[in-house]
Structure formats: C-alpha cells, structure tokens
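# Secondary and tertiary structure notes
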Amino acid sequence: MLIDAHVHLDKYADLLDQALREIDTQRIFTVATAMDLPSYLELQEIGKRSDLVLPTFGIHPRRAAEYANRLPELGRYIDMSPAIGEIGLDFHWVKDTATYPAQRKVLEYFIAAAGEQNKFVNLHTKAGEKEILDLLVEYNVRRAIIHWYSGPMDVLAAMIDFGCYFTIGVEVLYSDYIKEIAKTIPDHLLLTETDNPGALRWLKKNDEIAMPVTIKSVVKAVAELRQSTPERTENLVCANFSRMIKDDPWLSEIRNRLLAPNS
Ligand SMILES: [Zn+2]
C-alpha cells in the first residue's frame, strides 16, 4: 500500500471528492495533518469518508501566534486526536521574529502532550531542526515523522541516531540537496509524502493542484535514487509505517487495515 504521511486534505476545496476517490481507488494511506483548529474539525469530517484517511491535530508554526494564549482550550482536541501534527518551528519562511516565542510555546505544549499520551508526531522543522530534536529527547517522543527535511546534514545524522522517520516529498523531483537526503536516510526510517495539494504549485510557482496520485512520482524518484524499484520502495515504506504504529495504543484499528490481505 502507498503511504502519504503528510497531506493537507482540507485544502482541496472543489477537488476533495476527486481526491478521496483517488485515495480509495489507488489505495493510498493518508495522514491528514491539520494546520489549526478549524482545519482539524474539517479533517475529522473528511476522515469519516474514507478508511484510508487519518486526521491528526496540530497547530502549524505559521498559526502558532494565534493560539499561544489559548493552549488549555486545545487540550480536548489533542486528547481526541490519535496522533499529533502538523506542529513544528519555522524560522526560515516565517520572517516575523515576534512570532518565534509563540512558536516555541505551542510546539512544546504539543510535544509534551505527545510524550505523555504516547502519540506519534508529524513535524515541520525549517531552521529549527536542532531545537526540535532537543525537545523530542527531552520529552522522550520516540516516534517522530520529520516532514520534508531540508536542514543541515549533521542534525539529520543526529535525528537518524534518535530513530526519527523522514518523509521524502515532491522536492526530490527538483532539488539535488533533497536527492542527497533521500539517499542518506536508512531503509528502516524512510517514509513518503506529497504535502498536497499545494506543494508542487509552491515549488513550480504555477497554479497546479497536485492530486493524491502524485505520491507515485515520489516513490518512483526515491526508488531510482536508492537503486530500488517502485514496488520495493512502496513495500518498504509501508513496512516502516506499520512498524512505527505497531504498538500504538491509538491506532490498533488502522493497523488492521494496513495489514489487511488486499492492502
Ligand atoms: Zn504541511
């Protein structure tokens, strides 16, 4: 089964029906990460429409400033979410340094909760890579998906040592640095993503809306870089995701779905 471990399904607007059909017909297990509270509430509704969609709650670093003083309000949504994300830090694309303390406060709140509740996290790490690794260590969050890693190679190595999983996404089609990262990640920590629907549009600076099937281009590119085949890469990534959630107390149902004979 194909794994798309980081997607913004609530951003599909008019194309949502088509995207969900594609997820079901192509059998793409989809981790649907939220940007903020309204986004999570919408994803919960979307999640009811497909067995292959897992909605998760997080506050994106871009939205952190709006939530830093409302954290107790978020507790019940964290409690009900089977995993945490998208959360993280962005000191690169977010230029307003006044938001950085809020980003840190929100991230630490979510990481602490993930540690306490034994949930996996889905992380955005732009220019905050080392700081994020330190928080994972401090709160003993052992199951982390580092989404679209593009940071320094030494922190990548430290994250690999800690056992973080890494999603390779559409930038592998265009960037030599990301290709290098895609070759560096050890077999057992490799995952795939699209960051749909906007990532390709953002990279190519056009108005293309990427559909779920984009994950196949990612798998093919990663397979070529790692001297593997798309089929073996797909199976490897599925095995990795299954291992990551193997003892997850919140995801036993999902596990059965991933391991189902026709998956
Ligand atoms: Zn994202």
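Residues numbered from 1 in each chain as written. Predicted model: local features only at pLDDT ≥ 70, side-chain atom pairs only at ≥ 80, totals over all residues. Heavy atoms only, no water.

### Some words on the coordination of the zinc ion
When four donors bind a metal tetrahedrally, each ideal donor-metal-donor angle is 109.5 degrees, and when six bind octahedrally, the ideal angles are 90 or 180 degrees. Coordination of the zinc ion by the protein comes from His6 (NE2), His8 (NE2), Glu86 (OE) and Asp195 (OD), over a distance range of 2.1 to 2.7 Å. Because the angles between the 4 donor atoms bound to the zinc ion fall within 82 to 163°, the donor set is best described as irregular. (Donors = N, O, S within 2.8 Å, 3.2 Å for Na, K, Ca; no water. Tetrahedral: all angles 85-135°; square planar, octahedral: opposite > 155°, others 65-115°.)

### A short note on the sheet that holds strand 3 (residues 53–56)
Strand pairs in the sheet, formed through backbone hydrogen bonds, run parallel or antiparallel to each other. Taken in spatial order, the 3 strands make up an open sheet running 1-2-3, and their pairing is parallel. Two strands bound the open sheet, and with one partner strand each, they are strand 1 (2–7) and strand 3. Here the strands of the sheet are splayed against their neighbours by 15° on average, with no regard to which way each runs. Examined bridge by bridge, strand 1 and strand 2 (residues 28–33) share 4 bridges and lie parallel to one another. Bridge pairing in strand 2 places Val7 opposite Ala32. Running over the sheet, helix 1 (residues 16–26) touches strand 1, strand 2 and strand 3 and is turned about 140° from strand 2. (Pairing = 2+ DSSP bridges. Helix = DSSP H or I, 4+ residues; strand = E, 2+ residues; numbered from the N terminus. Axes fitted to C-alpha atoms, helices over the stretch in contact; angles between N-to-C directions. Contact = heavy atoms within 4.5 Å.)

### Concerning the pattern of salt bridges
As enumerated under the stated definition, the model contains 13 salt bridges in all. Its salt-bridge partner being Lys48, residue Glu45 comes within 2.8 Å of it at the nearest N-O pair. Overall, Glu45 belongs to the partly exposed group, its relative accessible area being 46%. Its salt-bridge partner being Asp248, residue Arg143 comes within 2.8 Å of it at the nearest N-O pair. On the criterion of sequence distance, the pair formed by Arg143 in the loop between helix 6 (129–138) and strand 6 (144–147) and Asp248 in the loop between helix 11 (230–244) and helix 12 (252–258) is long-range, its members being 105 residues apart. Residue class for Arg143 comes out buried when judged on its relative accessible area of 15%. With a relative accessible area of 1%, Asp248 lands in the buried category. In this structure, a network of salt bridges that share partners links the residues Asp36, Arg63 and Glu66. (Salt bridge = Lys/Arg side-chain N within 4 Å of Asp/Glu carboxyl O. Buried < 20%, exposed > 50% of the residue type's maximum accessible area, 1.4 Å probe, protein only.)

### Observations concerning the pairing of strand 4 (residues 84–88)
Across the 5 residues of strand 4, 5 count as buried, placing the element largely inside the fold. Looking at chain direction, strand 4 and strand 5 (residues 121–124) are connected through 4 bridges and run parallel. Bridge pairing in strand 5 places Gly85 opposite Asn122. The handedness of the strand 4 to strand 5 crossover, carried by helix 5 (residues 100–117), is right-handed. (Right-handed = clockwise from strand over helix to strand, strands pointing away.)

### Examining unusual backbone geometry
Of note, the amide linkage connecting Gly85 to Glu86 takes the cis form, showing an omega dihedral of 10°. Position of Glu86 relative to the elements: it lies in strand 4. The step from Asn196 to Pro197 runs through a cis peptide bond, and the omega angle for that step is -5°. Tracing the backbone through its elements, the reader meets Pro197 in the loop between strand 8 (190–192) and helix 9 (199–204). Despite not being glycine, Ala127 shows a phi value in the positive range, around 65°. Tracing the backbone shows Ala127 in the loop between strand 5 and helix 6.

### Comments concerning helix 8 (residues 176–184)
Along helix 8, the residues that are buried comprise Ile178, Ile181 and Ala182. Take helix 8 and look down its axis: the buried residues cluster within an arc of 100°, on one side only. Elements in contact with the buried residues of helix 8: helix 7 (153–162), strand 7 (165–168) and helix 10 (214–225). (Arc of directions from axis to C-beta.)

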